[in-house]
Amino acid sequence: MTDSKVHSNIIFSQQIDVELRKIVQKYPAGKVFLLTDQTAAGFCLPLIQSVIDEFSIRMVAIPSGEENKNIQSVGLVWDFLSNYGADRKSLLINIGGGMLTDLGGFAASTFKRGLDFVNIPTTLLAQVDASLGGKTGFNFNGLKNEIGVFMEPNSVIINVNFLKTIDQANFLSGYAEMLKHGLIKSREHWDELLTFDMESIDYDALQEIIAHSVAVKEWHVLNDLTEQNIRKALNFGHTVGHAFESYAMKTGRPILHGHAVVYGMIAELYLSAKQCGLGIDELNSISSWMIARYGKFEIQESDFEALYQLMTHDKKNEGKRINFTLIPEIGKVEINVDCSKELIIEALNYYKSCGLRDSSSEL
Ligand SMILES: NC(=O)c1ccc[n+]([C@@H]2O[C@H](COP(=O)([O-])OP(=O)(O)OC[C@H]3O[C@@H](n4cnc5c(N)ncnc54)[C@H](O)[C@@H]3O)[C@@H](O)[C@H]2O)c1
Ligand SMILES: O=C(O)C(=O)C[C@@H](O)[C@H](O)[C@H](O)COP(=O)(O)O
Ligand SMILES: [Zn+2]
């Protein structure tokens, strides 16, 4: 395993305390703050305790879970920064999963119009996706990431050892975003992901594929930070996926973000087959592979209208157009594809029947 590899401001390191100390010592004494969530705190702070003690870093922990990615939690962070005298020369260290790095990045970017923040992602999802690229924010009005700003962290420190304590469901959730990266990047990267042994994890091998996944995300962000164009590729699966995630939360049967993205990708692969020529065998085989590992969020026809209405809030939309990112073949992307309501309902029907149907059947 290589040590302390610097890729832009993304640092892969086996010695998280050494890397963090180098950053913290650049800031005035008493002006470094730390944000985590209550679950991540127990698992993750021991790995950086020596730095916390050495610099007497003040800490706050917000409640864990997607349901707490809200304005109340942002308020707790602003209160904390205000009460302990944070100023524009301060640093906020966000240590946790994607919920925490999204929310902490937003709180730091808006407090006194912005102070520096670094992300230490501690879930697979946060290491390959959420902690990178500067999309910060929180959920509002039942809609995912409805409020937010683009603001990149000063640094991101990735250490695979954090992943040894995440549970299987959260591992799969992070792997979903890696699968997305595989589908938009290349057949080679996709095949690499399909052959990785998720049952018995080799952490050296995992770090290698995390690095490949990070490179996919970073390339898109470097080319289009504010998602005017090619960054929309990173949103594949999210038009339908975010609708599933919001609807699941609203109806009291929440699902993890990555699982929602997998279900969204299945529906959007169907749209890709109908609108841009993705092969039907490819569609059916990817969908079956995904359902076998991720199960399903069961939906009825009576849910379709509510799901469609949620999609009308997607951030890629323009006017009345619901703009999808689609995949004509693995490794190719088409952005801004307008799909009719009828076709979107057909895609939801395809998803609904997945697992029930013979995978070789015609559409
Ligand atoms: N900004 C982006 O580009 C982007 C990209 C993808 C996802 N996201 C967002 O990320 C969020 C999902 O992130 P997530 O899956 O990391 O969820 P999460 O942050 O809620 O973390 C999942 C759970 O794991 C716990 N945890 C964190 N680190 C741990 C560790 N090392 N060991 C054991 N438990 C640990 C957390 O406390 C939490 O209970 C969603 O809100 C999603 O919208 C953002
Ligand atoms: O980095 C991006 O761009 C993404 O779209 C990555 C997604 O995985 C992530 O879930 C993102 O937060 C979605 O953003 P949104 O703009 O659709 O809220
Ligand atoms: Zn996502």
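Bear in mind that the values here come from a model prediction, so they are computed numbers and not experimental data.

Conventions used here
Within every chain, residues take consecutive numbers counted from 1 along the sequence as written. As they are written, the chains are lettered A onward and the ligands numbered 1 onward, keeping that order. The predicted nature of this model means local features are confined to residues of pLDDT at least 70 and side-chain atom pairs, given and counted, to a pLDDT of 80 or more, with totals for whole chains, interfaces and linings taken over all residues. UniProt positions are given in the numbering used here, feature names are shortened, and annotations may be inferred rather than shown by experiment. Only DSSP runs of H or I reaching four residues or more are called helices, and only runs of E reaching two or more are called strands; each is numbered from the N terminus. All residues are tested the same way: a C-beta atom is placed from the backbone, and lying within 6 Å of a molecule or strand makes the residue near it. In this classification, the charged set is Asp, Glu, Lys and Arg, the nonpolar set is Ala, Val, Leu, Ile, Met, Phe, Trp, Tyr, Cys and Pro, and all remaining amino acids, among them Gly, are polar. Axis definition: a line fit to C-alpha positions, over the contact stretch in the case of helices; interaxial angles, taken between N-to-C directions, run 0 to 180 degrees. Note on angle classes: values under 35 degrees are labelled roughly parallel, values over 145 roughly antiparallel, values of 65 to 115 roughly perpendicular, and the remainder oblique. Left-handed is the label given to a crossing in which the near helix is rotated counterclockwise from the far helix by less than a right angle, and right-handed is the label when the rotation is clockwise. Whether two residues are in contact depends on their C-beta atoms, placed from the backbone: they are in contact if these lie within 7 Å. Delimitation of the domains relies on an automatic or database domain assignment. Expected helix span is given by 1.5 Å per residue-to-residue step, counting one fewer step than there are residues. Field definition: a residue is buried when 20 or more other C-beta atoms are found within 10 Å of its C-beta, exposed when 12 or fewer are, and partly exposed for counts in between, with C-beta atoms placed from the backbone. This arc describes the spread of directions from the helix axis toward the C-beta atoms. You can read pLDDT as the predictor saying how much it trusts each residue, on a scale of 0 to 100. Paired strands, as defined in this entry, are two strands with at least two bridges between them according to DSSP. Here, a nonpolar core means buried Ala, Val, Leu, Ile, Met, Phe, Trp, Tyr and Cys residues linked by C-beta atoms lying within 7 Å of one another.

Caption draft 1: Seen up close, the UniProt feature "domain: 3-dehydroquinate synthase N-terminal" (unreviewed entry) in the protein chain. UniProt annotation of "domain: 3-dehydroquinate synthase N-terminal" (unreviewed entry) refers to residues 60-171 when read in the numbering used here. Between the end C-alpha atoms of residues 60-171 there is a gap of 25 Å, over a span that is 33% helix and 29% strand.

Caption draft 2: Geometry of the UniProt feature "domain: 3-dehydroquinate synthase C-terminal" (unreviewed entry) in the protein chain. Sequence positions flagged by UniProt for "domain: 3-dehydroquinate synthase C-terminal" (unreviewed entry) are, in local numbering, residues 174-317. End C-alpha to end C-alpha, residues 174-317 measures 26 Å, and it is 68% helix and 0% strand.

Caption draft 3: Broad picture of the site of ligand 1. Surrounding ligand 1, one finds 32 residues, the nearest of these being Thr39, Gly97, Gly98, Met99 and Thr123. If you list the elements that add at least two residues to the shell around ligand 1, you get α2 (38-44), α5 (98-110), α6 (124-130), β8 (143-150) and α7 (168-185). Of the residues that constitute the shell around ligand 1, the class distribution is 10 nonpolar, 14 polar and 8 charged.

Caption draft 4: The arrangement of the packing of helix α13 (residues 304-311) against helix α14 (residues 341-353) in detail. Interhelical geometry of α13 versus α14 gives an angle of 120° and a closest axis separation of 11 Å. In this view, α13 runs oblique relative to α14, as classed from their interaxial angle. Between α13 and α14 the crossing geometry is right-handed. Residue-level inspection shows Phe304, Leu307, Tyr308 and Met311 of α13 in contact with α14, the latter providing Lys341, Ile344, Ile345 and Leu348.

Caption draft 5: Local environment of the site of ligand 2. Near ligand 2, the surroundings consist of Asp129, Gly133, Lys135, Lys144, Asn145, Glu177, Glu227, Arg231, Leu234, Asn235, His238 and Lys315. Split by residue class, the shell around ligand 2 holds 1 nonpolar, 4 polar and 7 charged. Two domains each provide a minimum of three residues to the shell around ligand 2, namely domain 1 (5-165) and domain 2 (225-353).

Caption draft 6: Region of interest: α14. An ideal rise of 1.5 Å per residue puts 18 Å on 13 residues; α14 measures up with 18 Å between its terminal C-alpha atoms. Those residues of α14 that fall on the buried side of the exposure criterion are Ile344, Ala347, Leu348, Tyr350 and Tyr351. Down the axis, α14 shows its buried residues gathered within 155° of arc, on one side only. Away from its buried face, by an angle of more than 90 degrees, α14 presents the exposed residues Glu342 and Ser353. The inward-facing, buried residues of α14 contact α11 (257-276) and α13. One or two positions beyond α14, positive phi appears at Gly355, with a value near 90°.

Caption draft 7: View of unusual backbone geometry. Residues other than glycine seldom take positive phi values, yet Arg113 does so here, at roughly 65°. As for its placement among the helices and strands, Arg113 is situated in the loop between α5 and β6 (116-121). Residues other than glycine seldom take positive phi values, yet Glu227 does so here, at roughly 60°. Considering the arrangement of structural elements, one finds Glu227 in the loop between α9 (203-223) and α10 (238-250). For Glu227, a count of 19 C-beta atoms within 10 Å gives the class partly exposed.

Caption draft 8: Up close: the confidence of the model for the protein chain. The predicted model of the protein chain averages 95 in pLDDT, with 96% of residues at 70 or higher. Confidence drops under pLDDT 50 across residues 1-7; counting only partners more than four residues distant or on other chains, this segment forms 10 contacts. Across the whole predicted complex the pTM is 0.96, and at the interface the ipTM reaches 0.99.

Caption draft 9: The domain arrangement of the protein chain, seen in detail. For the protein chain, the domain assignment lists domain 1 (5-165) and domain 2 (225-353). For domain 1 and domain 2, the distance between their C-alpha centres works out to 30 Å. Listed as interface residues are 9 residues of domain 1 and, on the opposing side, 11 residues of domain 2. In terms of residue count, β8 provides more of the side of domain 1 that touches domain 2 than any other element does, 3 residues in total. Among the residues making up the side of domain 1 that touches domain 2, the classes are represented as 3 nonpolar, 3 polar and 3 charged.

Caption draft 10: Seen up close, the pairing of strand β9 (residues 155-158). The side-chain alternation of β9 yields two buried faces, one formed by Ser155 and Ile157 and the other by Val156 and Ile158. In the sheet, strand β2 (residues 10-12) pairs with β9 via 3 bridges, with the strands oriented parallel. Bridged to Ile10 within β9 is Val156. As defined by bridge partners, β6 adjoins β9 across 2 bridges and the pair is classed as parallel. Following the sheet pairing, Val118 is matched in β9 by Ser155.

Caption draft 11: Structural context of the nonpolar core. Among the nonpolar cores identified, the biggest contains 99 residues, and Ile266, Ala267, Leu269 and Tyr270 are the most heavily contacted of them. Sorting elements by how many residues they give to this core places α11 first, with 11 residues. Per-domain counts for this core show at least three residues from each of domain 1 (5-165) and domain 2 (225-353). With sequence-adjacent residues up to four places away left out, Ile266 is seen in contact with Ser287, Met290, Tyr351 and Cys354.

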